[in-house]
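Examination of the molecular architecture
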Amino acid sequence: PMYAVLEDANGHLAVIVHPDPNAVRSGNWTVWRIRLADFSGVSMHNIATFRLGFGDRNNPVPGGSGVVYVDDIQLHPVRCLYPPSRDLNEDCVVDLFDLADLAAHWLQ
């Protein structure tokens with residue numbers, strides 16, 4: 001499996017394991033989106049290192065081979081990656097505010 005590690009300046013680690021244990025075996029380019037909130041236990045204001053790893057982090061086995069291309073590591077503020085289809089006011093939630101928007105523009 002592939003995993004990502006954040007470590008803060010105080011030495012606290014947070015590890016996120018890719019949900020697909022065979023992700024690195026895919027021949028296709030794939031996106032792995034991780035919410036920063038999922039890295040619990042580290043200070044987001046004092047990150048010292050970011051690492052990607054493969055295999056069992058707690059019991060590493062030498063001798064693996066292959067090529068993994070990593071690109072476009074990005075950090076974004078909170079945003080809606082998969083907006084609901086009925087979200088009229090584009091806040092990523094279908095709620096009474098959408099109903100109010102619908103009512104306000106009913107006959108326009």
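These numbers were taken from a predicted model, which means no experiment stands behind them.

Attention now moves to the overall build of the protein. When you go through the protein residue by residue, the secondary structure sums to 1 helix and 3 strands. In sequence order, the secondary structure elements of the protein are arranged as β-β-β-α. Its C-alpha atoms give the protein a radius of gyration of 20 Å, clearly above 13 Å, the size a compact globule of 108 residues would have. Projected onto its principal axes, the C-alpha positions of the protein cover 65 × 40 × 20 Å.

Ala4, Leu6, Ala14, Ile16, Phe39 and Val42 form the largest nonpolar core, which has 6 residues in total. Elements with a minimum of two residues in this core: β1 (2-8) and β2 (13-17). Once you skip the residues sitting within four places of it in the chain, alanine 4 turns out to touch Ala14, Val15, Ile16, Trp32, Ile34, Phe39, Phe50, Arg51 and Leu52.

Turning our eyes to something else, we now look at the sheet that holds β2. Within a sheet, adjacent strands bond to each other through the backbone by hydrogen bonds, running parallel or antiparallel. Strand order in the open sheet made by the 3 strands is β2-β1-β3, with antiparallel pairing throughout. With one partner strand each, in any of the chains shown, β2 and β3 (47-54) form the two edges of the open sheet. On average, each strand axis in the sheet is tilted by 15 degrees relative to the strand beside it, whichever way the strands run.

Among the surface-exposed residues, Val24, Phe50, Leu52, Phe54, Val68, Val70 and Ile73 lie close enough to one another that they form a single nonpolar patch of about 580 Å² accessible area. The exposure class assigned to phenylalanine 50 is partly exposed, which follows from its relative accessible area of 40%.

Glancing now at the side chain of aspartate 87. As for its placement among the helices and strands, aspartate 87 is situated in the loop between β3 and α1 (96-104). Comment: no salt bridge for buried aspartate 87; closest opposite-charge side chain is arginine 86, at 11 Å. At a separation of 3.1 Å, a polar atom in the side chain of aspartate 87 contacts the main-chain amide nitrogen of aspartate 91. Among the polar contacts made by the side chain of aspartate 87, one reaches the main-chain amide nitrogen of cysteine 92 at a distance of 2.6 Å. Excluding anything up to four places from it in sequence, aspartate 87 contacts Cys92, Val93, Val94 and Asp98.

A few words now on the pattern of salt bridges. Summed over all chains, the structure comprises 2 salt bridges. When the shortest N-O distance is used, the salt bridge between arginine 51 and glutamate 7 registers 3.2 Å. Here the residue arginine 51 occupies a position in strand β3, and glutamate 7 occupies one in strand β1, the gap between them amounting to 44 residues. Residue arginine 51 is classed as partly exposed on the basis of its relative accessible area, which comes to 34%.

Reading guide: rules and limits
Residues numbered from 1 in each chain as written. Predicted model: local features only at pLDDT ≥ 70, side-chain atom pairs only at ≥ 80, totals over all residues. Heavy atoms only, no water. Helix = DSSP H or I, 4+ residues; strand = E, 2+ residues; numbered from the N terminus. Rg over C-alpha atoms; globule rule 2.2 N^0.38 Å. Core = buried A, V, L, I, M, F, W, Y, C linked by side-chain atoms within 4.5 Å. Buried < 20%, exposed > 50% of the residue type's maximum accessible area, 1.4 Å probe, protein only. Contact = heavy atoms within 4.5 Å. Pairing = 2+ DSSP bridges. Axes fitted to C-alpha atoms, helices over the stretch in contact; angles between N-to-C directions. Patch = residues over 30% accessible without salt bridge, like charges linked within 9 Å, V, L, I, M, F, W, Y side chains within 5 Å. Areas by Shrake-Rupley, 256 points an atom, 1.4 Å probe, with all protein chains shown as cover. Salt bridge = Lys/Arg side-chain N within 4 Å of Asp/Glu carboxyl O. Lys, Arg positive; Asp, Glu negative; His and termini not counted. Polar contact = N/O pair within 3.5 Å; in protein donor to acceptor, adjacent residues only side chain to side chain.

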